[in-house]
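Okay, here's what each chain looks like letter by letter:
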Amino acid sequence: MESSLDSIIEVKEELMVSPSYGGNPTRRTAFFLKPCMSSIKESACDFLLPLSKATSNPAKLPIKVRYNGWRNPQEEWKTWVQQLQPKYEYLWIKAGVDKAIKASTYEIHRNDELILELAQRWCSKTNTFIFPWGEATITLEDIKVCWGYSVVGAPVSSPLETNEQKETEAELVAARRIFNSTKARKVVHKPWMMHFMENETKLEHEAFLVLWLSRFVFPANSPDTILKSVFPIAIHLARGIEMAIAPAVLASIYRDLSLLNSKINSAKFRSNLALSLWAPFQLVQIWALERFPSLQPHPHPIEQGQPRMARWDRVKMMTNKNLKLTLDSAGARNGFMWRPYKNSPPLKVYNENDMWECDNPSLDRELLSFCRCLRVSELEGMGCIEQYLPHRVAMQFGMDQDIPAMVARCKKDPWISYSQPIMDTNLCIALCACEQYLTSRYYDWWKQLKPGKEGDTVKGCDQCEVKCFDDEVVGHGKALFSPEYGVFPSSKLDGETAGSKSKDVVLKGSISTKKDGQIEDAVGSVRRVKNDGNEAKIKSSFCYINSANGMEGEGVSPCVAEIASNLENRILKLETVVAKLKAAKFGVKTKELKVYFRRKKRLNPSIVF
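The structure displayed is predicted, hence computed values, not measured ones. (Residues numbered from 1 in each chain as written. Predicted model: local features only at pLDDT ≥ 70, side-chain atom pairs only at ≥ 80, totals over all residues. Heavy atoms only, no water.)

Participant: So what exactly am I meant to see when it comes to the packing of aromatic side chains here?
Facilitator: Where two aromatic rings form a pair, the distance of their centres and the angle of their planes describe that pair. As enumerated under the stated definition, the model contains 28 aromatic pairs in all. With 5.3 Å between their ring centres and 50 degrees between their planes, tyrosine 442 and tryptophan 445 make a pair best called tilted. Residue tyrosine 442 and its partner tryptophan 445 are both found in helix H16 (residues 440-448); the two are separated by three residues, about one turn of the helix. These aromatic residues form a ring-pair network of at least three members: Trp122, Phe129, Phe131, Trp133, Tyr254, Trp287, Phe292, Phe336 and Trp338. Note that lysine 12 overlies the ring of phenylalanine 32, its terminal NZ or CZ placed 5.2 Å from the centroid. (Phe/Tyr/Trp six-rings, centres within 6.5 Å; stacked < 30°, edge-to-face > 60°. Helix = DSSP H or I, 4+ residues; strand = E, 2+ residues; numbered from the N terminus. Lys NZ or Arg CZ within 6 Å of the ring centre and 35° of its normal.)

Participant: I tried to follow the nonpolar core on my own but got confused; where do I start?
Facilitator: Across soluble globular proteins, you tend to see nonpolar side chains buried next to one another. By size, the foremost hydrophobic cluster in this structure holds 138 residues, and its most contacted members are Tyr149, Trp192, Trp212 and Ile245. Tallying contributions element by element places helix H10 (residues 245-267) first for this core, with 12 residues. Other than its neighbours up to four places away in sequence, tyrosine 149 contacts Ala100, Ile143, Lys144, Trp212, Phe216, Val217, Ile245, Ala246, Val249 and Leu283. (Core = buried A, V, L, I, M, F, W, Y, C linked by side-chain atoms within 4.5 Å. Buried < 20%, exposed > 50% of the residue type's maximum accessible area, 1.4 Å probe, protein only. Contact = heavy atoms within 4.5 Å.)

Participant: Just checking my understanding: could you explain the sheet that holds strand E5 (residues 128-131) for this structure?
Facilitator: Strand pairing in a sheet relies on backbone hydrogen bonds. The paired strands run either parallel or antiparallel. Here three strands make up an open sheet; going across it, the order is E4-E5-E6 and the pairing antiparallel. Each edge of the open sheet carries a strand with a single partner, namely strand E4 (122-123) and strand E6 (134-136). Across three bridges, E5 lies against E6 in antiparallel orientation. Bridge pairing in E6 places isoleucine 130 opposite glutamate 135. (Pairing = 2+ DSSP bridges.)

Participant: It is not clear to me how the sheet that holds strand E12 (residues 438-439) should be interpreted in this structure. Could you clarify?
Facilitator: Taken in spatial order, the three strands of this open sheet run E2-E1-E12, and their pairing is antiparallel. Here the strands that pair on one side only, and so sit at the sheet edges, are strand E2 (26-33) and E12.

Participant: Sorry, what's going on with unusual backbone geometry here?
Facilitator: When glycine is set aside, most residues are seen to have a negative phi, and most peptide bonds are trans. Residue proline 35 follows lysine 34 across a cis peptide bond; omega there is 0 degrees. With respect to the secondary-structure elements, proline 35 resides in the loop between E2 and helix H1 (40-46). Phi angles above zero are rare outside glycine, and asparagine 127 is one such case at about 55 degrees. We classify asparagine 127 as buried; its relative accessible area is 3%. Not every positive phi belongs to a glycine, and arginine 314 is a case in point at roughly 60 degrees. With respect to the helices, strands and loops of the structure, arginine 314 is situated in the loop between helix H11 (282-291) and helix H12 (323-328). Of the residues examined, arginine 314 reaches a relative accessible area of 43% and is grouped as partly exposed.

Participant: Can you walk me through the pairing of strand E3 (residues 63-67) in this structure?
Facilitator: Taken residue by residue, a regular strand's side chains alternate between the two faces of the sheet. Here E3 shows a buried face lined by Ile63, Val65 and Tyr67 and an unburied face lined by Lys64 and Arg66. Relative to strand E7 (residues 273-277), E3 runs parallel, the two sharing five bridges. The residue of E7 that forms the bridge with valine 65 is leucine 275.

Participant: It is not clear to me how the environment of arginine 121 should be interpreted in this structure. Could you clarify?
Facilitator: Tracing the chain through its elements places arginine 121 in the loop between helix H4 (112-120) and E4. Residue classification places arginine 121 among the buried residues on the basis of a relative accessible area of 3%. A C-alpha to C-alpha distance of 9.7 Å links arginine 121 and glutamate 135, two positions 14 residues apart in sequence. A distance of 3.0 Å separates a polar atom in the side chain of arginine 121 from a polar atom in the side chain of aspartate 328. (Polar contact = N/O pair within 3.5 Å; in protein donor to acceptor, adjacent residues only side chain to side chain.)

Participant: Please explain the pairing of strand E11 (residues 385-388) as it appears in this structure.
Facilitator: Pairing geometry for strand E10 (residues 377-380) and E11, over four bridges, is antiparallel. Residue serine 377 lies in a different strand from E11, and its bridge partner there is tyrosine 388. Counting the residues that bridge the hairpin from E10 to E11 gives four residues, and of these glycine 383 lies at a positive phi of roughly 90 degrees.

Participant: It is not clear to me how the pattern of salt bridges should be interpreted in this structure. Could you clarify?
Facilitator: Pairs can form between side chains of opposite charge whenever their charged atoms are close. Tallied over the full model, the rule gives 27 salt bridges. A salt bridge links lysine 12 to glutamate 10, with the shortest nitrogen-to-oxygen separation between them at 3.7 Å. Look at glutamate 10 and you get partly exposed, because its relative accessible area is 25%. A salt bridge links lysine 202 to glutamate 171; the shortest N-O distance between them is 3.3 Å. Placement of the pair is lysine 202 in the loop between helix H7 (189-198) and helix H8 (204-217) and glutamate 171 in helix H6 (residues 163-180), with a sequence separation of 31 residues. For lysine 202, a relative accessible area of 66% corresponds to the exposed category. Bridged by salt links that share partners, the residues Glu10, Lys12, Glu14, Asp402 and Arg441 form one connected network. (Salt bridge = Lys/Arg side-chain N within 4 Å of Asp/Glu carboxyl O.)

Structure below.
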């Protein structure tokens, strides 16, 4: 990746399809994150997604994982934050760590099974989760919005420059040496904290930040130990110097997800394996809760001034018996939230010289941060370097998705690729564009991919399997969302009627009525599909669920159940339109019509008349 001033967004006309159902290609101007692959043939030859078969219950794997980076706050720490906030919060805000420090006072209950299920789907070659319905990953935007780490600023490897800064470091080293002379022979978190809380010194703020960095941000190799390596970062932050902590934290998460994935794969063939992880894996779990609505417990409302992490403070995690199936079928009907964060980023305009017009420096900073989240780069962490490939998950940023190109590793300083200047006049136009879609060729490419040696089937559970699939189909192979169809037809799922009637009505164009109650379009054509006893087949989103045991009415998956609910909702709306037209045509009494509407509302409270 060579340093350049090229734009980060590519604008071109393409055939676009909905990620929900894939049908009805529409040619329009679309906005993609660079770089995109030039052809399906090229990408298929160069890259195969290494998706391996996941186990039915990862919690029972013969592996013991220690999440050493998952640190809950001590009561004394909460007290220390409250004591120093009135005095130093203005510096925390200036340095971009105010929300992150507040977030460290929250306790997140861990769900080991969820983390292991996600780790099984991790691909270390792309630093993304590979699901049957597409790719997704933890991005810099997630790190910034959920935890409050800054995306812009100086690198965490920045050295101390002034004599005053170096003198402060020497004083911190001397204080650390005092603890090393005790019987413990190491500097433990709590004694360090209590010493500086109880003794007012000019080093208190730096010591506070040293503990925060050692415990919650960059814990490394020795639990509960104050790290000398974070002294320069703490000294910079204490002076209000903004540090780009987000890329360093995300690099550690990518690294440990790859380690965990490798260990899980080894555990399938070996036993009694152990692994210690040092990245803050709370962020992995919070990412899943924010993105998968079906996994969410009951989060707290966010009060003014609180970071987003406050939603999950001490919230009890849900137990999901079909966790694997929930993740693998989440591509259907908003099962995965591509853009869970509202009002991000702020929109701006450009002047004729292609320069940002903004009188508010903080707003300008926010847009710069968002641009960093969009660009392919390399993330330099504490002792690790990881690729960042947002172009593979463009819909997570509100962009359209094309086939992602492979990216070579940077041979120069990683910070050069991360911090190069950004100048893109297409960004604001893209942010104001319509709902994000897939290119038709991406849709075909994903269906044709062979996910590794395990084949293109991902075992979901004992009764179901999830497969990469074709377009949505109903009945005799007709596309459910083909151009001739105006609405969903109802169908039968595992022997149960998904609509409110046994016959499926499909509209074509605008509607009117006749005396026999049939529904016609403006030119008088009518189409009615009858159930002839054959099992209706439905394929939805990027996956479909096919019952393996052949039993009717049992083991209906969440994916199929959601489709059935949508079908029923559309049928109810259709019947409502018919009822209103009949009332207008034949003079049905208003009272009888109100009774009819109330009955339908009880059947489906979400329907809007």
